[in-house]
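Here is what each chain is made of, one letter per residue.
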Amino acid sequence: MAEAKAPQQRGGYAKEVSGERLAEIGIRFEVDGEIATIALDRPSKRNAQTFATWAALADIGGNLPEQVRIVVVSGEGPSFSAGIDLRMFTPEGVPGQGSFSSAAQLDATTFEQRIRQAQQGFLWLRRPEIVSIAAVQGHAIGAGFQLALACDLRIVADDVKFCMKEPALGLVPDLTGTKPLVELVGLAKAIDICLTARVVEAPEALRIGLAERVVARDDLAGAVQDKIAELLSTNRDAAAATKRLLQGAHARTLEEQAVAEGLEQSQRLKALFGG
Ligand code: CAA
């Protein structure tokens, strides 16, 4: 079988996961200069995710070319992602990846390591050096919702349907989605959304801060391109330093944040004017 075109990269990405292997998993990954695109590409199964999906996402993050400033995460077809592959709930599970019932037999440490590995596929999307944008249409359920929440920004189509389905299935959201959800919408709204597993549609998503922008389905790709152009118009290093500041703001007092601003600015001035 012909090897799929390897992504342009500086790190060891291609030897970690080949394009062919990514295609098997249901992911497309492309780098075009400063922009990387990760597309979930299993539309016939509504881009359902498996442990292999999360391992591949972690590999992409771990080997992201240094020049990349923007990472777009999208899903092919009618749904962004229908969440975890429901075969995980069957005794047979996902071939080569087990099932929830086999995972339940693991000792606590091994199980936690497995979850931590899966979470690595999501956590890197918050790195200060990049801005990650989820382009979300249709259903974003469970792991799909959490993947959208792992990104810095969410631009959504007017048919979007966010749903944190895990509690309805007896599970908790464990793919890093709970903290960003609380930070975006507040504790009460997060409790409402998660503990009812209800669907949040586009107007509400915009109103409560889950989405930065809602556009018609056909305009989604264009709206993402517009945001990319805006984001690339600022200085790369200043953008990373500012994102670091913004990310740390919540955990710092005003005084501490002021100190952090000064430290970052001093680095900026040195970089810009020497000294
Ligand atoms: N896993 C595996 N296959 C899935 C799937 C999933 N999560 N979601 C959809 N599919 C498959 C369907 O089985 C169907 O396959 P076949 O054509 O081979 O029968 C195909 O995708 C199309 O599905 P539908 O006909 O249902 O498509 P639709 O557009 O009418 O509906 C949907 C889309 C509303 C997303 C619906 O498919 C659905 O409700 N899917 C299940 C969603 C779900 O419960 N996900 C689990 C979330 S919890 C989670 O993610 C847990 C975690 O992180 C730990």
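Our subject is the structure listed above.
So, a few notes on the structure that sits alongside this text. Note that the coordinates shown come from a computational prediction; the quantities given were computed from them, not determined experimentally.

1. Remarks on helix α6 (residues 143-150)
Right, on to step 1. Here α6 lies mainly inside the structure; eight of its eight residues are buried.
Right, on to step 2. For α6, the set of buried residues is A143, G144, F145, Q146, L147, A148, L149 and A150.

2. Let's talk about the sheet that holds strand β3 (residues 70-75)
Right, on to step 1. Pairing is mixed across the open sheet formed by six strands, whose spatial order is β1-β2-β3-β4-β6-β9. One side of each edge strand has no neighbouring strand; the edge strands of this open sheet are β1 (27-32) and β9 (213-215). Across this sheet, the average inter-strand angle for adjacent strands is 20°, counted without regard to direction.
Right, on to step 2. Relative to β9, strand β6 (residues 153-157) runs parallel, the two sharing three bridges. Bridge assignment links A157 to a residue of β9, and that residue is V215.

3. Overview of a nonpolar patch on the surface
Right, on to step 1. A cluster of nonpolar side chains, contributed by L86, F89, L169 and L171, occupies part of the molecular surface with about 350 Å² of accessible area.
Right, on to step 2. Relative to the helices and strands, L86 is located in the loop between β3 and α4 (100-103).
Right, on to step 3. Its relative accessible area of 58% is what places L86 among the exposed residues.

4. Focus on the nonpolar core
Most often, soluble globular proteins have nonpolar side chains that are buried together.
Right, on to step 1. Core analysis: the biggest nonpolar cluster contains 54 residues, and V71, F162 and L210 have the highest contact counts within it.
Right, on to step 2. In contact with V71, not counting residues within four places along its chain, are A36, I38, L64, W124, L125, I130, V131, S132 and I133.
Right, on to step 3. One finds A135, I155, V215 and V224 within the second-largest nonpolar core, a separate group that totals 13 residues.

5. Considerations on the site of the ligand
Right, on to step 1. If you check the shell around the ligand, you find 17 residues, and the closest are K45, A82, I84, L86 and A143.
Right, on to step 2. Between L86 and the ligand, the recorded distance is 2.9 Å, taken from a backbone N or O atom to a nitrogen atom.
Right, on to step 3. Relative to its unbound accessible area of 1000 Å², the ligand is 66% covered by the protein chains.
Right, on to step 4. By residue class, the composition of the shell around the ligand is eight nonpolar, four polar and five charged.

6. Some thoughts on the pairing of strand β4 (residues 131-136)
Right, on to step 1. Along β4, six of the six residues are buried, which leaves the element largely enclosed by surrounding structure.
Right, on to step 2. Of the two faces of β4, the one holding V131, I133 and A135 and the one holding S132, A134 and V136 are both buried throughout.
Right, on to step 3. Sheet topology note: the β3/β4 ladder contains five bridges and is parallel. Directly across from V72, in β4, lies its bridge partner I133.
Right, on to step 4. Bridge count between β4 and β6: four bridges; the pairing is parallel.

7. Some remarks on the packing of aromatic side chains
Right, on to step 1. Inspection of every chain in the model, using the stated rule, returns four aromatic pairs.
Right, on to step 2. For the ring pair F51 and W54, a centre distance of 5.0 Å and an interplane angle of 75° mean the geometry is edge-to-face. Note that F51 and W54 are positioned in helix α3 (residues 51-62) at a spacing of three residues, about one turn of the helix.
Right, on to step 3. For the pair W54 and F122, a centre-to-centre distance of 6.3 Å together with 55° between the ring planes defines the contact as tilted. Of this pair, W54 sits in helix α3 while F122 sits in helix α5 (residues 108-123); the two residues are 68 residues apart in sequence, bridging distant segments of the chain. For the pair shown, W54 and F122 are each scored as buried.
Right, on to step 4. Three or more aromatic residues joined by ring pairs make a cluster, and in this case those are F51, W54 and F122.
Right, on to step 5. For R114, the ring lying beneath its charged end belongs to F51, and the centroid distance is 4.0 Å.

8. A closer look at the sheet that holds strand β5 (residues 139-141)
Right, on to step 1. With mixed pairing, three strands are arranged side by side in an open sheet as β5-β7-β8. The sheet terminates laterally at β5 and β8 (199-201), the two strands that pair on one side only. On average, each strand axis in the sheet is inclined to that of its neighbour by 20°, with strand direction left out of account.
Right, on to step 2. In this sheet, β8 lies alongside strand β7 (residues 161-163) in antiparallel orientation, the contact comprising three bridges. Its bridge partner lying in β8, C163 is registered against V199.
Right, on to step 3. In this fold α6 packs onto β5 and β7, with an angle of close to 95° to the strand it touches most, β5.

Cut-offs and rules
Residues numbered from 1 in each chain as written. Predicted model: local features only at pLDDT ≥ 70, side-chain atom pairs only at ≥ 80, totals over all residues. Heavy atoms only, no water. Buried < 20%, exposed > 50% of the residue type's maximum accessible area, 1.4 Å probe, protein only. Helix = DSSP H or I, 4+ residues; strand = E, 2+ residues; numbered from the N terminus. Pairing = 2+ DSSP bridges. Axes fitted to C-alpha atoms, helices over the stretch in contact; angles between N-to-C directions. Patch = residues over 30% accessible without salt bridge, like charges linked within 9 Å, V, L, I, M, F, W, Y side chains within 5 Å. Areas by Shrake-Rupley, 256 points an atom, 1.4 Å probe, with all protein chains shown as cover. Salt bridge = Lys/Arg side-chain N within 4 Å of Asp/Glu carboxyl O. Core = buried A, V, L, I, M, F, W, Y, C linked by side-chain atoms within 4.5 Å. Contact = heavy atoms within 4.5 Å. Near = heavy atom within 4 Å. Polar contact = N/O pair within 3.5 Å; in protein donor to acceptor, adjacent residues only side chain to side chain. Nonpolar A, V, L, I, M, F, W, Y, C, P; charged D, E, K, R; others polar. Phe/Tyr/Trp six-rings, centres within 6.5 Å; stacked < 30°, edge-to-face > 60°. Lys NZ or Arg CZ within 6 Å of the ring centre and 35° of its normal.

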